[in-house]
Amino acid sequence: MRSILILLLLVCVSLNAASIQVVKKESAKSAPTLLLMGGIQGDEPGGFNATDIFLMHYKILSGSVWVVPVLNRYSMLRNHRGVYGDLNRKFAYLSRKDPEYPLIQSIKKIITAKEVSAILHLHDGSGFYRPRYESPLLNPRRWGNSSIIDQDELPAVRFGHLKQVSQGIIANINKSLLKPLHRYYIRNTHTARGNVEMEKALTYFAIKHKKPAFANEASKELPLPSRVYYHLLAIEGLLKELGIKYSKDFNLSPENLYKLINDPSLSVVLNNNTILPLYGLRNHLNFFPLPKNTPIEQIPLNSKSYILGLLPRQKQVWLKYGNKLMTRLHPLYLPFDHSLKSVKLEIDGKLEQSAPARIIEVHKSFKVLVKEGYRVNVIGYTHNGASDEAGFTIRYKDLDKRFSIDAKGRIYRIEFYKNQAFSGMVLARFL
Ligand SMILES: [Zn+2]
């Protein structure tokens, strides 16, 4: 049993004050370690969707990968390159007064961690980089589809043959191109020779601290699944160069990536007691219970995805999945009660126990059993005079379709209250 446990992937998540999320995928043999980062610019979804897919669908079999799914979550939620300026120009000098000073400090700390053997930084870049001018879209000033290094060599450092490693990365990409136009080239920015802009960037900070660092750019000309495709090919190429072994649970293609990004089974648990599927929701959800006196950004979210967030927008709270808006919540701010651990339901005549924040599947009808001390409110069900809807058998035709949470009218909220406090939600999905 013990040996089986050791083989299991170890995943640990830590969030610090500057809200940098580092997810560590470590095997029993945990060196070398790749640090993989996306989303330093909030409007480059190829990068942060690639880290998200990597976290959800890859396993590390030897060595480790530390993943920062999105460096600039604040800007990502706002579909903005950098609300406080370009975060990737703040690594050389930064005033302590800069609102992102603490964030930069925590990124620097991760980069310089002694475990980190190499760094890959994912970007979405314009056009297609070409070493010689071919057209306005294909020329040396463009960044798209290139592997970026700051210099050829980082002397006396393991994996410091940057050019050679980068050649390995692009070889892995170029053997699986979707079109000849997409061909990858190495772009050496020769930063130390006086490239003033690149001196301020993350990879050069890493180089100066003796960390081999690479950036991968996927072209903004490409649709999202194709950008993610090239980022993942770059990641796999670098893992090969570093000798880190991995497996994944899908075949790499833009078609499959489209399905994984738009996975209808994705959901999010809010406050540990409320659940929403990500897809198929109505554009607006009214009277949605959120905790009183809790800042929106401190509401706990749990999901398979790492790029979700809540964005306050005037009186609404938007649920974002990367740059995508999934729904607008119109909150009903309530005191929250966390005493409810499980509820009993009769689903199509069968008794079942459920914790809050679950989605139950119903063919014909459901009934919530009376639970001492709690009141039940099925949103969209109105029974004459009843203030507690426990004990009623509820069929699909008993529900007012306007109150479903999904656009198709199949999913309904079952809410639990203790006195005036909200105790949790179960969703009933009619099949
Ligand atoms: Zn970028």
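Values in this document were obtained by computation on a predicted structure and should not be read as measured data. (Residues numbered from 1 in each chain as written. Predicted model: local features only at pLDDT ≥ 70, side-chain atom pairs only at ≥ 80, totals over all residues. Heavy atoms only, no water.)

Enquirer: Hey, could you run me through the packing of aromatic side chains in this one?
Expert: Remark: the centre distance and the inter-plane angle together describe each pair of aromatic rings, the angle taken between the planes. According to the stated counting rule, one finds 14 aromatic pairs in the structure shown. Aromatic side chains tyrosine 74 and tyrosine 84 sit 5.5 Å apart centroid to centroid with 25 degrees between the ring planes, which places their arrangement in the stacked category. Residue tyrosine 74 is located in helix H3 (residues 73-77), and its partner tyrosine 84 is located in the loop between H3 and helix H4 (101-111); the two are separated by 10 residues in the primary sequence. On the basis of relative accessible area, tyrosine 84 is assigned to the partly exposed category, the value being 38%. Taking 5.6 Å as the distance between ring centres and 75 degrees as the angle between the ring planes, the aromatic pair formed by tyrosine 417 and phenylalanine 422 counts as edge-to-face. Comparing tyrosine 417 with phenylalanine 422 shows no difference in burial state: the two are buried. (Phe/Tyr/Trp six-rings, centres within 6.5 Å; stacked < 30°, edge-to-face > 60°. Helix = DSSP H or I, 4+ residues; strand = E, 2+ residues; numbered from the N terminus. Buried < 20%, exposed > 50% of the residue type's maximum accessible area, 1.4 Å probe, protein only.)

Enquirer: Can you help me understand unusual backbone geometry in this one?
Expert: For residues that are not glycine, phi is negative in most cases, and the peptide bond is trans in most cases. Even without glycine at this site, asparagine 79 takes up a positive phi of about 50 degrees. With respect to the secondary-structure elements, asparagine 79 resides in the loop between H3 and H4. Owing to a relative accessible area of 40%, asparagine 79 belongs among the partly exposed residues under this scheme.

Enquirer: Got a minute to help me understand the domain arrangement of the protein chain in this structure?
Expert: Where the parts come together, the accessible area they lose is often given as the size of the interface. Once the domains are mapped, the protein chain shows domain 1 (2-261), domain 2 (282-334) and domain 3 (343-430). Distance from the C-alpha centre of domain 2 to the C-alpha centre of domain 3: 22 Å. Across the contact, seven residues belong to domain 2 and 12 residues belong to domain 3. Carbon and sulfur atoms make up 54% of the area that domain 2 and domain 3 hide from each other, which totals about 690 Å². Contact with domain 3 buries surface across domain 2, with Arg282, Pro289 and Leu334 losing the most and accounting together for 71% of the total. Counting every contact that joins domain 2 to domain 3 gives zero salt bridges. At the boundary of domain 2 and domain 3, one finds five residue pairs in polar contact (both at pLDDT 80 or more). (Domains from an automatic or database assignment. Contact = heavy atoms within 4.5 Å. Buried area = accessible area lost by both parts, 1.4 Å probe. Salt bridge = Lys/Arg side-chain N within 4 Å of Asp/Glu carboxyl O. Polar contact = N/O pair within 3.5 Å; in protein donor to acceptor, adjacent residues only side chain to side chain.)

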